[in-house]
Amino acid sequence: MRHAAGDGYASTGSLKQNALGVLGILFFVLSAQAPLTGVAGAAPVAIAIGNGPGVPAMYLVAGVVVLLFSVGYVAMGRHVVDAGAFYSYVGKGLGGTAAAGSAGVALLAYHAIQAAVYGLFGAVMNGLALQYLETDVPWWLFALGTMVVVQVLGATGVDVGAKVLAVFVLAEISLLLVFGVVMLLKGGGPEGLAPGSSFSLSAALDGAPGVALMFAVASMFGFEATAIYGEEAREPHRTVPRATYLAVVLVTVFFAFTSWMLISAHGPSSSAAAAGKALEAGDGAGFVAAPVSAELGAWAGDALPILLATSLFASILAFHNSANRYLFSLGREGLLPRGLSTLNGRQSPWLAGVVQTGVAALLVFPFALAGKDPVLTLFSWLSGLAVLAIMLLYLLTSVSVIVYFRHERSGDTRLWNTLIAPALGAGGIAGAIWLIIANFTTLIGGDTTTAVWLALAVPGALLAGMTMPLLAGAPGRR
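Below is a summary of the structure that appears in this document. Since the structure is predicted, the reported quantities are computational estimates derived from the model, not experimental observations. (Residues numbered from 1 in each chain as written. Predicted model: local features only at pLDDT ≥ 70, side-chain atom pairs only at ≥ 80, totals over all residues. Heavy atoms only, no water.)

1. Overview of the overall build of the chain
Rules: Going along the chain from the N terminus, every DSSP run of H or I of four or more residues is numbered as a helix, and every run of E of two or more is numbered as a strand. The classification of residues rests on relative accessible area computed with a 1.4 Å probe and restricted to protein chains. Under 20% of the type maximum is buried, over 50% is exposed, and intermediate values are partly exposed.
The helix and strand inventory of the chain stands at 20 helices and 2 strands. Looking at the chain as a whole, 59% of its 478 residues are labelled buried.

2. A word on the side chain of Gln-356
To be explicit about the condition: Any two residues whose heavy atoms approach within 4.5 Å are treated as being in contact.
The residue Gln-356 is located in helix 15 (residues 351–369) in this model. Residue classification places Gln-356 among the buried residues on the basis of a relative accessible area of 0%. Contacts of Gln-356, omitting those with residues within four sequence positions, involve His-111, Gln-114, His-320, Ala-323, Asn-324 and Leu-327.

3. Points about the packing of helix 16 (residues 374–407) against helix 17 (residues 415–438)
To keep things clear, this is the line we draw: A fitted line through C-alpha atoms serves as each axis, taken over the contacting stretch for helices, and the angle formed by two N-to-C directions is quoted from 0 to 180°. Orientation is classified from the angle alone, with under 35 degrees giving roughly parallel, over 145 giving roughly antiparallel, 65 to 115 giving roughly perpendicular, and any other angle giving oblique. Take the far helix as your reference; a near helix turned counterclockwise from it by less than a right angle gives a left-handed crossing, and one turned clockwise gives a right-handed crossing. Residue type decides the class: Asp, Glu, Lys and Arg count as charged, Ala, Val, Leu, Ile, Met, Phe, Trp, Tyr, Cys and Pro as nonpolar, and the leftover types, Gly among them, as polar.
Packing of helix 16 against helix 17 brings their axes to within 9 Å, and their N-to-C directions diverge by 155 degrees. In this view, helix 16 runs roughly antiparallel relative to helix 17, as classed from their interaxial angle. For helix 16 against helix 17, the interelement crossing comes out left-handed. Counted together, Val-387, Leu-388, Met-391, Leu-392, Tyr-394, Leu-395, Ser-398, Val-401, Ile-402, Phe-405 and Arg-406 of helix 16 and Leu-415, Thr-418, Leu-419, Pro-422, Ala-423, Ala-426, Ile-429, Ala-430, Ala-432, Ile-433, Ile-436 and Ile-437 of helix 17 form the full contact between these two elements. Along the lines of polarity and charge, the residues of the contact of helix 16 with helix 17 split into 20 nonpolar, 2 polar and 1 charged.

4. Considerations on the packing of aromatic side chains
Aromatic ring pairs are described here by two measures, namely the spacing of the ring centres and the angle between the planes. Selection rule: Within 6.5 Å between ring centres, the rings of Phe, Tyr and Trp (the latter by its six-membered ring) count as paired, and their orientation is classed by plane angle as stacked under 30 degrees, edge-to-face over 60, tilted in between.
The full count for this structure, using the stated rule, is 10 aromatic pairs. Here the aromatic rings of Tyr-110 and Tyr-326 are separated by 5.7 Å at their centres, their planes lie at 35 degrees, and the arrangement is tilted. One end of the pair, Tyr-110, is in helix 5 (residues 96–132); the other, Tyr-326, is in helix 14 (residues 298–333), with 216 residues separating them in the sequence. Residue class for Tyr-110 comes out buried when judged on its relative accessible area of 1%. Ring geometry for Phe-199 versus Trp-260: centroids 5.3 Å apart, planes at 80 degrees, classification edge-to-face. Taken together, the residues Phe-199 in helix 8 (residues 196–199) and Trp-260 in helix 11 (residues 236–266) connect sequence positions 61 residues apart. Among the aromatic residues, those joined into a cluster by ring pairs are Phe-69, Tyr-73, Tyr-89 and Tyr-394.

5. Some points on the environment of Gly-93
Here Gly-93 shows up in helix 4 (residues 85–94). When neighbours within four sequence positions are excluded, Gly-93 is seen to be in contact with Ser-400, Val-403 and Tyr-404.

6. So, unusual backbone geometry
Excluding glycine, a negative phi dihedral is what most residues carry, and trans is how most peptide bonds are arranged. Positioned with a positive phi, Glu-134 is a non-glycine residue whose angle comes to about 55 degrees. Its location among the elements puts Glu-134 in the loop between helix 5 and helix 6 (139–156). Of note in this structure, Ala-194 is not a glycine but carries a positive phi near 45 degrees. Secondary-structure assignment places Ala-194 in the loop between helix 7 (158–186) and helix 8.

7. Observations concerning the pattern of salt bridges
Should their charged atoms come close, side chains of opposite charge can pair. Heads up, the rule is: The rule for a salt bridge is simple: a side-chain nitrogen of Lys or Arg has to be within 4 Å of a carboxyl oxygen of Asp or Glu.
Considering all chains together, one arrives at 1 salt bridge under this definition. Glu-295 is the salt-bridge partner of Lys-186, the closest N and O atoms lying 3.0 Å from each other. Here Lys-186, found in helix 7, pairs with Glu-295, found in helix 13 (residues 286–296); they are 109 residues apart in sequence, far enough to count as distant. Judged by its relative accessible area of 52%, Lys-186 is exposed. The exposure class of Glu-295 is partly exposed, given its relative accessible area of 26%.

8. A word on the environment of Thr-37
Mapped onto the secondary structure, Thr-37 falls in helix 2 (residues 35–49). Spatially, the C-alpha atoms of Thr-37 and Leu-312 are 7.2 Å apart, while their sequence positions differ by 275 residues. Contacts of Thr-37, omitting those with residues within four sequence positions, involve Ala-42, Leu-120, Leu-308, Ser-311 and Leu-312.

9. Some thoughts on helix 16
Applied cut-off: Multiplying one less than the number of residues by 1.5 Å gives the expected span of a helix. Polar contacts, as used here, are pairs of N or O atoms within 3.5 Å; protein pairs need one atom able to donate a hydrogen and one able to accept it. Residues neighboring in sequence count only if both atoms are side-chain atoms.
The end-to-end C-alpha distance of helix 16, which contains 34 residues, comes to 48 Å, matching closely the 50 Å that a straight helix rising 1.5 Å per residue would cover. Where helix 16 starts, the residue carrying a side-chain oxygen 2.8 Å from the main-chain nitrogen of Val-375 turns out to be Asp-373.

10. Focus on a nonpolar patch on the surface
Quick reminder of the rule: What makes a patch is a set of residues exposed beyond 30% relative accessible area and free of salt bridges, joined within 9 Å when like-charged and within 5 Å when nonpolar (Val, Leu, Ile, Met, Phe, Trp, Tyr). Where accessible areas are quoted, they stem from the Shrake-Rupley method and a 1.4 Å probe; at the residue level, only the protein chains shown are allowed to cover.
A cluster of nonpolar side chains, Leu-415, Trp-416, Ile-420 and Leu-424, forms an exposed patch at the surface whose accessible area comes to about 390 Å². Within the fold, Trp-416 resides in helix 17.

11. Brief notes about the packing of helix 6 against helix 15
Relative placement of two packed helices is described by the angle separating their axes and the distance separating the axes. Taken N-terminus to C-terminus, the directions of helix 6 and helix 15 make an angle of 175 degrees; their axes are 10 Å apart at the nearest point. Between helix 6 and helix 15, the interaxial angle falls into the category roughly antiparallel. Across from Trp-139, Trp-140, Ala-143, Leu-144, Met-147 and Gln-151 in helix 6, the residues of helix 15 making contact are Gly-353, Val-354, Thr-357, Ala-360, Ala-361, Val-364, Phe-365, Phe-367 and Ala-368. Of the residues in the contact of helix 6 with helix 15, the class split is 12 nonpolar, 3 polar and no charged.

As structure tokens, then:
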């Protein structure tokens, strides 16, 4: 599908260059990770059924694993600049068939997580409409309207999207950081700051540390999007590495610090019970809202649901951009219909964006038609599926980095960057995958049968992706 430049569309080519700096890429990454969602959604569950007050230590462990992975990821990024990051990276070391398989898994991961967030976003907006408008608006109606807005913003251009996301990200992070600083300066809650209760080895290994680590790793989802924007970055060989390391460090410190202050506010000895009580009441975010309101005033508690909604919207937009760039890249490679690589006048993926929105609708609306709870089913099931898929991509990429630098004369002889760190990262990721599979029913909040079918979708996507070169008649990238 080609259009002349005069009618507002460009034919297959490159994405808009020099559109993003370090901060622009960073805001896309932080938006995808939805920090407030991670704190208000995942942290109470990890504290209640994981290792209680030792959860902050698990965020540090997860951050170290992701940082080790990032070393090899960044090293490979110096040799490959492409919107289909995982596909390109895996292909460099493991060949075209593995690359195509990884593309299938990436498409599953990004489409699943975006559809999941639509469910949570719709539920949050439904609650806000009831609270402020006294109107019960169906959650799926909010999802539908947002799909239209996201499609328009995605087509408008990546630089415009970055500016929109910057506002939302700064708002959600600022409120939680202000609360954390206030608690820190105050000296903590009823039991003080008690750093030993959260960061000592005994605290980290108490209870079910594997479950806590699983949720901590899940909270890191999205940092890898830095490489996806390499083609649109200014000086990508310097911008992407800086944005990657900065994203990992900032998110790790943010989650560890914020969860520590929340635990301190409740008291380490009471935090697990408080988190469990909030979850039993169906309001896990209440574990966060109560101490934030107590320290900053009722206005802060009232602002949290609104900021949660904007956080989720930012996440939806960020994942839309990630997914449509994968579709664009695969179309340009000839593994999917080449029309997907059509660009509009702003050099943004146009048809790929439309297809991405269509896939989101196909994933979301069956849950609406079936009358399923958007949080307990759509969000929980598909977010768990996405986490398992993305961890497999991390593992494949780490192995590919090691293989590539061992067999190619790339000029990069740094053992730490090309062998040691990727190998350690691969080991940590493999361990995380084992924990996720072992606790997958807990992660998705469903039953065993549902967990098995969702887990099988990941190897299914891998095998389906491997058939793309055969169907397209393309040899795949090496």
